Amino acid sequence: MKLKNVLLSVSAAVLLGSAAFAGDAKIMVDEPYLRSTNPKVAAAFMGLMNHAGQDDRLISATSDIAKRVELHTHIADGHGVMKMTEIKGGIAVPAEGLAHLKRGGDHIMFMGVTKPLNDGDIIEVTLTFEKAGDVKLEIPVDNDRKPQADAHGEHKTH
């Protein structure tokens, strides 16, 4: 019985630790992770859940692990080639809705990475929302994570 109580307490702490509150806005971050398969760049992926009754927008991200941190997405050029580009104006997070930051779509890009990022490292990142303000996160590095069907809309690999 004691083990069950400990597990419930840990689960509650994890859930509460991933929620951020600012004013009337409430943003919850789901399953964040960071990948760095190139020593100079990295990308972070997650679900952003807006439990407020009004739309919000992720307008920037910062971290001391990179010289620049930008919001990025992939778009097809006129020849069917996918290219990564910075998102101007931020990423919409609808009221009572979810924004997916996923591979091949919207994500947070870290350029000019200043230190090696190894599996299991924890990276501090601050997300800035238009209404919710700053949300501080600790994001694990998981370079081996495979795309799968999850909260971020990724697809399972076979």
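Quick caveat, the model's predicted, so the values are computed rather than measured. (Residues numbered from 1 in each chain as written. Predicted model: local features only at pLDDT ≥ 70, side-chain atom pairs only at ≥ 80, totals over all residues. Heavy atoms only, no water.)

## Notes on the overall build of the protein
And step 1. A count of helices and strands for the protein gives one helix and eleven strands.
And step 2. Tracing the protein from N to C terminus, the helices and strands come up as α-β-β-β-β-β-β-β-β-β-β-β.
And step 3. Here the analysis covers contacts within the protein between residues at least 6 apart in sequence; of these, 64% occur between residues at least 24 apart.
And step 4. For the protein, the computed accessible surface area is about 9100 Å², with 55% contributed by carbon and sulfur atoms. (Helix = DSSP H or I, 4+ residues; strand = E, 2+ residues; numbered from the N terminus. Contact = heavy atoms within 4.5 Å. Areas by Shrake-Rupley, 256 points an atom, 1.4 Å probe, with all protein chains shown as cover.)

## Here we look at the pairing of strand β4 (residues 56-62)
And step 1. Judged from the three bridges that link them, β4 and strand β7 (residues 91-93) form a sheet pairing that is antiparallel. Note on β7: the bridge partner recorded for Asp56 is Val93.
And step 2. Across four bridges, β4 lies against strand β10 (residues 122-129) in antiparallel orientation. Within β10, the residue paired with Leu58 across the bridge is Phe129. (Pairing = 2+ DSSP bridges.)

## A closer look at unusual backbone geometry
And step 1. Positioned with a positive phi, Glu31 is a non-glycine residue whose angle comes to about 45°.
And step 2. Turning to its location among the elements, Glu31 is positioned in strand β2 (residues 25-38).
And step 3. One non-glycine residue, Glu96, lies in the positive phi region at around 55°.
And step 4. In this fold, Glu96 is placed in the loop between β7 and β8 (98-101).

## Brief notes about the environment of Gln54
And step 1. On the secondary structure map, Gln54 appears in the loop between β3 (41-50) and β4.
And step 2. Non-local contacts of Gln54, meaning those with residues more than four positions away in its chain, are made with Ala95 and Lys131.

## A short note on the nonpolar core
And step 1. Counting residues in each nonpolar core, the largest one holds 31 residues, and the members touching the most others are Leu34, Met46, Leu48, Ile108, Phe110, Leu127 and Phe129.
And step 2. If you look at the next biggest cluster of nonpolar residues, it comprises five residues, including Tyr33, Phe45, Met109 and Met111. (Core = buried A, V, L, I, M, F, W, Y, C linked by side-chain atoms within 4.5 Å. Buried < 20%, exposed > 50% of the residue type's maximum accessible area, 1.4 Å probe, protein only.)

## Here's the deal with the pairing of strand β5 (residues 66-76)
And step 1. The pairing of β5 with strand β9 (residues 107-113) spans six bridges and is classified as antiparallel. What sits directly across from Val69, in β9, is Phe110.
And step 2. Taken together, the five bridges between β5 and strand β6 (residues 82-86) define a ladder with antiparallel strand orientation. Looking at β6, one finds that His74 is bridged to Met84.
And step 3. Once β5 ends, the chain turns through five residues before running back antiparallel as β6, passing Gly80 with a positive phi of about 80°.

## Overview of the pattern of salt bridges
And step 1. Under the definition given, this model contains three salt bridges.
And step 2. Taking the shortest distance from any N to any O, the salt bridge between Arg68 and Glu70 comes out at 3.1 Å.
And step 3. Judged by its relative accessible area of 47%, Arg68 is partly exposed.
And step 4. A residue is classified by how much of its surface remains accessible, and Glu70, at 15% relative accessible area, is buried. (Salt bridge = Lys/Arg side-chain N within 4 Å of Asp/Glu carboxyl O.)

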